[in-house]
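These are the residues of each chain, in order.
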Amino acid sequence: MKEIYLRTWDWVIHDEELGAEQLNRLIERGVFPKPISIPVSTRTAQRYFPSHELAARRAVLLKTDGDEMAVKAVLEKLHRERNKLADDVLVTILGDEGVTA
């Protein structure tokens, strides 16, 4: 099974030298990967980013001289793959009848 390494919200803010609001705006514009939220209590959640999605974003930015449309296209593809991987895991655990579209 493919291993996915995660980076915390705080690590990404520090590594990318961004503020939380800047990061939120990039996510809303579709030019930054969507975080995975893991609830840790009824009111809070920890947010993580798959490291391969962060690396892909950087690579596309460098290769295309910052072309936002290219970044969005790659991130949308990666997000679809993330959802498919989650569905595959559910099928493995629950069987075909446990997953509904």
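This text goes with the structure placed above it.
Residues numbered from 1 in each chain as written. Predicted model: local features only at pLDDT ≥ 70, side-chain atom pairs only at ≥ 80, totals over all residues. Heavy atoms only, no water.

Caption draft 1: The environment of E53, seen in detail. Looking at the element boundaries, E53 is found in helix α3 (residues 51-63). E53 sits in the buried class, given a relative accessible area of 3%. Note: C-alpha distance between E53 and G19 (34 residues apart in sequence) is 19 Å. Once you skip the residues sitting within four places of it in the chain, E53 turns out to touch P33, K34, L75, L78 and R82. Of note is the side chain of E53, whose polar atom sits 2.6 Å from the side chain of R82. (Helix = DSSP H or I, 4+ residues; strand = E, 2+ residues; numbered from the N terminus. Buried < 20%, exposed > 50% of the residue type's maximum accessible area, 1.4 Å probe, protein only. Contact = heavy atoms within 4.5 Å. Polar contact = N/O pair within 3.5 Å; in protein donor to acceptor, adjacent residues only side chain to side chain.)

Caption draft 2: Main features of the pattern of salt bridges. Inspection of the entire model under this criterion finds 6 salt bridges. Among the ionic pairs, E16 bridges to R58, the shortest N-O distance being 2.9 Å. With E16 in helix α1 (residues 9-16) and R58 in helix α3, this pair connects stretches of sequence that are 42 residues apart. Using a relative accessible area of 35% as the deciding quantity, one classes R58 as partly exposed. Close ionic contact of K77 with E81 constitutes a salt bridge, the shortest N to O distance being 3.1 Å. Taken together, the residues K77 and E81, both in helix α4 (residues 68-94) and 4 residues apart, mark about one turn of the helix. (Salt bridge = Lys/Arg side-chain N within 4 Å of Asp/Glu carboxyl O.)

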